[in-house]
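# What the coordinates show
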Amino acid sequence: MDLQQLDQFAKKMIFEAGQRIRDSFSYDLEIETKSNANDLVTNIDRETELFFIEKIKIFDPTHKILGEEGMGENVESLEGVVWIIDPIDGTMNFVKQHRHFMITIGLFVDGIGKLGYIFDVMREDLFYAIAGVGAWYNDSPLRKLQPLKIEEAVIGINATWVTPNKKVNHEKLIELIHTVRGTRSYGSAAMEIAFVVSGKLDAYISMRLAPWDIGGGTIIAQEVGAIATNLQGKTLDFLSTDTFIIANPSIHQLILEDYIQEKNE
């Protein structure tokens, strides 16, 4: 398999999809809800996913596509070549702010991440990686993450998890917030992952993410030394939803051991 050829194909596809999304602001969005009133989907999400599916199937009809909007096939195994796609990660931001949303794509071959992409559509910034070769922000190489102390860290976390909730001991997370240098929340998992792999954040924690939220970003993470696991420190499963943490390697285990206490649902 020629990863360089696939990389060029993926980038061209992503840039074209980004232009299509930017053009979409010139006409009305059709907005619907999915699992709850804050879980939004638009006609542009679906149209963009279909765009990727059509391009990929023309490129190679044997490739499988696992997408957030379910427009591809029912993928039950990562055998063969599988594209994991979120056409718009941060749909609330897309609808409300017209910024701070990402296209994110991961290419897996027999379950191994090979190519990863996170594209900031409005800024036209691309974070990407080729497994074993390196990672880049646009045309600039991304460096390996440097060690730091937890007190120096800036972490991404949704404010929901530091209030009483059913998922995690919020008191421990309050301790974490009082310990670190600062916190941020951007409303797009892919954006927060992009910031961790580029050193703009030092960790990002979430209680529930799907494969399409993290597939591309975890491949970039491998190339810069970031560690991505679930909140039990276990390897991620790219066919199911789970808890998630990505962090600078110097603080990953410390956060899990000292500040994460999951509740039994």
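Given the structure is predicted, the values throughout are model-derived calculations rather than measurements. (Residues numbered from 1 in each chain as written. Predicted model: local features only at pLDDT ≥ 70, side-chain atom pairs only at ≥ 80, totals over all residues. Heavy atoms only, no water.)

Positionally, N230 belongs in the loop between β13 (227-229) and β14 (242-247). In terms of polar contacts, N230 uses its side chain to reach the backbone amide nitrogen of K234, at 2.8 Å. A polar side-chain atom of N230 sits 3.0 Å from a polar atom in the side chain of D242. Apart from residues lying up to four places away in sequence, N230 is in contact with L236, D242, T243, F244, I245 and L256. (Helix = DSSP H or I, 4+ residues; strand = E, 2+ residues; numbered from the N terminus. Polar contact = N/O pair within 3.5 Å; in protein donor to acceptor, adjacent residues only side chain to side chain. Contact = heavy atoms within 4.5 Å.)

Another aspect to go through is the sheet that holds β14. In spatial order, the strands read β11-β10-β12-β14-β13; together these 5 strands make up an open sheet with mixed pairing. Each of the sheet's edge strands pairs with one partner strand only, and the pair in question is β11 (182-184) and β13. Here the average twist between neighbouring strands, direction ignored, is 15°. Here strand β10 (residues 154-157) runs beside β11; their pairing, made up of 3 bridges, is parallel. Across the sheet, I155 pairs through a bridge with T183, a residue of β11. Against the sheet, helix α5 (residues 189-197) engages β10, β11, β12 (203-209) and β14, with an angle of about 150° to β12. Lying on the sheet, helix α7 (residues 252-259) is in contact with β12, β13 and β14; it crosses β14 at an angle near 130°. (Pairing = 2+ DSSP bridges. Axes fitted to C-alpha atoms, helices over the stretch in contact; angles between N-to-C directions.)

For the rest of this paragraph, the subject is α7. Where α7 is concerned, the buried positions are H252, I255, L256 and Y259. The buried residues of α7 occupy one face: seen down the axis, they fall within an arc of 115°. Against α4 (170-179), β12, β13 and β14 lie the buried residues of α7. (Buried < 20%, exposed > 50% of the residue type's maximum accessible area, 1.4 Å probe, protein only. Arc of directions from axis to C-beta.)

Regular strands place their side chains on alternate faces of the sheet. With respect to burial, strand β7 (residues 125-130) is a largely interior element, 6 of its 6 residues being buried. Pairing of strand β6 (residues 112-120) with β7 involves 6 bridges; the strand directions are antiparallel. Across the sheet, Y117 pairs through a bridge with Y128, a residue of β7. Between β6 and β7, which pair antiparallel and follow one another directly, the connecting turn spans 4 residues, one of which, E124, has a positive phi of 55°. Bridging between β7 and strand β8 (residues 134-137) involves 4 bridges; their strand directions are antiparallel. Counterpart to F127 in the pairing with β8 is Y137. Counting the residues in the hairpin turn of β7 and β8 gives 3 residues, including G132, whose phi is positive at 80°.

Taken in spatial order, the 7 strands line up as β3-β4-β5-β6-β7-β8-β9 in an open sheet, and their pairing is mixed. Two strands close off the open sheet at either side, each with one partner strand: β3 (64-67) and β9 (140-141). Of the strand pairs in this sheet, strand β5 (residues 102-109) and β6 are connected by 8 bridges, and their pairing is antiparallel. If you follow I103 over to β6, its bridge partner there is F119. Contacting β4 (81-89), β5, β6 and β7, helix α1 (residues 3-23) crosses the sheet at an angle of about 30° to β6.

Before going further, it helps to examine the pattern of salt bridges. All told, the structure shown has 5 salt bridges when counted by the stated rule. A salt bridge links E124 to R22, with the nearest nitrogen and oxygen atoms 3.5 Å apart. Linking E124 in the loop between β6 and β7 with R22 in helix α1, this pair joins segments that are 102 residues apart in sequence. We classify E124 as partly exposed; its relative accessible area is 46%. A salt bridge links R123 to D125; its shortest N-O distance comes to 3.1 Å. On the basis of relative accessibility, which here comes to 59%, the residue R123 falls in the exposed class. (Salt bridge = Lys/Arg side-chain N within 4 Å of Asp/Glu carboxyl O.)

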